[in-house]
Amino acid sequence: LTERGRRTYGDSKLRRLRLDHTTLDDSGLAHLRGSPALRELRLPSGITDAGLDHLLALPALEDLELAFTDVGAASLARLADSGSLRSLTFCGMLE
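Here the structure is a predicted model, which is why all the values come from computation and not from measurement. (Residues numbered from 1 in each chain as written. Predicted model: local features only at pLDDT ≥ 70, side-chain atom pairs only at ≥ 80, totals over all residues. Heavy atoms only, no water.)

Peer 1: Please clarify how the overall build of the protein should be interpreted in this entry.
Peer 2: Regarding its fold elements, the protein presents 4 helices and 4 strands. When the helices and strands of the protein are placed in sequence order, the string is α-β-α-β-α-β-α-β. Here the protein holds 95 residues, and 37% of them are scored as buried. Accessible area for the protein stands at about 5,400 Å²; split by element, carbon and sulfur atoms hold 49% of it. (Helix = DSSP H or I, 4+ residues; strand = E, 2+ residues; numbered from the N terminus. Buried < 20%, exposed > 50% of the residue type's maximum accessible area, 1.4 Å probe, protein only. Areas by Shrake-Rupley, 256 points an atom, 1.4 Å probe, with all protein chains shown as cover.)

Spelled out as structure tokens, the structure:
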């Protein structure tokens with residue numbers, strides 16, 4: 001991520017973010033921790049179980065979309081049990 005991107009993703013007022021057509025990876029998701037109001041998130045294919053751990057720090061996250069990621073069932077279950085998630089869409093999982 002660029003410095004400008006880090007500031008944008010760390011915006012506490014950010015509600016919706018589409019990163020599905022980017023090269024963002026797990027380490028880039030750490031910058032979302034500063035976005036407590038984030039409700040909708042679309043993620044690219046470079047995300048793994050380690051990246052999903054960062055999403056547990058997003059208390060308002062309601063809608064998550066994953067496509068062609070290397071995320072396992074255990075991580076998805078942990079995220080689903082985190083509380084606020086209402087919709088989880090995924091396709092083409094690599095595991």
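Peer 1: Looking at this structure, how should I read the pairing of strand β4 (residues 87–91)?
Peer 2: Look at any regular strand and the pattern is simple: side chains alternate between the two faces of the sheet. As paired strands, strand β3 (residues 63–67) and β4 are joined by 5 bridges and run parallel to one another. Counterpart to Asp63 in the pairing with β4 is Ser87. With helix α4 (residues 73–80) bridging β3 and the parallel β4, this β-α-β connection has right-handed handedness. (Pairing = 2+ DSSP bridges. Right-handed = clockwise from strand over helix to strand, strands pointing away.)

Peer 1: Help me out: how do you make sense of the sheet that holds β4 in this one?
Peer 2: Strand pairing in a sheet is mediated by backbone hydrogen bonds. Such pairs are either parallel or antiparallel. In spatial order, the strands read β1-β2-β3-β4; together these 4 strands make up an open sheet with parallel pairing. Across the chains shown, the open sheet's two edge strands, defined by having one partner strand only, are β1 (16–18) and β4. In this sheet, neighbouring strand axes are inclined to one another by 5 degrees on average, regardless of whether the strands run parallel or antiparallel. (Axes fitted to C-alpha atoms, helices over the stretch in contact; angles between N-to-C directions.)

Peer 1: Please clarify how the environment of Pro36 should be interpreted in this entry.
Peer 2: Considering the arrangement of structural elements, one finds Pro36 in the loop between α2 (26–29) and β2 (40–43). Under the relative-accessibility criterion, Pro36 is labelled partly exposed at 39%. Once the C-alpha coordinates of Pro36 and Leu58 are considered, the two residues, 22 residues apart in sequence, prove to be 5.3 Å apart. Not counting residues within four places of it along the chain, the set of residues in contact with Pro36 comprises Ser12, Pro59 and Ala60. (Contact = heavy atoms within 4.5 Å.)

Peer 1: Help me understand the confidence of the model for the protein in this model?
Peer 2: Any segment with low pLDDT has predicted coordinates that should not be analysed in fine detail. Of the residues in the protein, 85% reach a pLDDT of 70 or more, and the chain-wide mean stands at 83. Mean pLDDT values over the elements of the protein span from 57, in helix α1 (residues 3–9), up to 94, in β2. (pLDDT = per-residue confidence, 0-100.)

Peer 1: It is not clear to me how the pairing of β3 should be interpreted in this structure. Could you clarify?
Peer 2: Alignment of β2 against β3, held across 4 bridges, turns out to be parallel. Bridged to Glu40 within β3 is Asp63. Note that the unit made of β2, helix α3 (residues 49–55) and β3 has a crossover that is right-handed.

Peer 1: Quick question: what am I supposed to make of unusual backbone geometry here?
Peer 2: The general pattern is negative phi for most residues beyond glycine and trans for most peptide bonds. Non-glycine residue Phe68 carries a positive phi angle of around 55 degrees. Note on placement: Phe68 falls in the loop between β3 and α4. In this structure Phe68 comes out as partly exposed when scored by relative accessible area, which is 49%.

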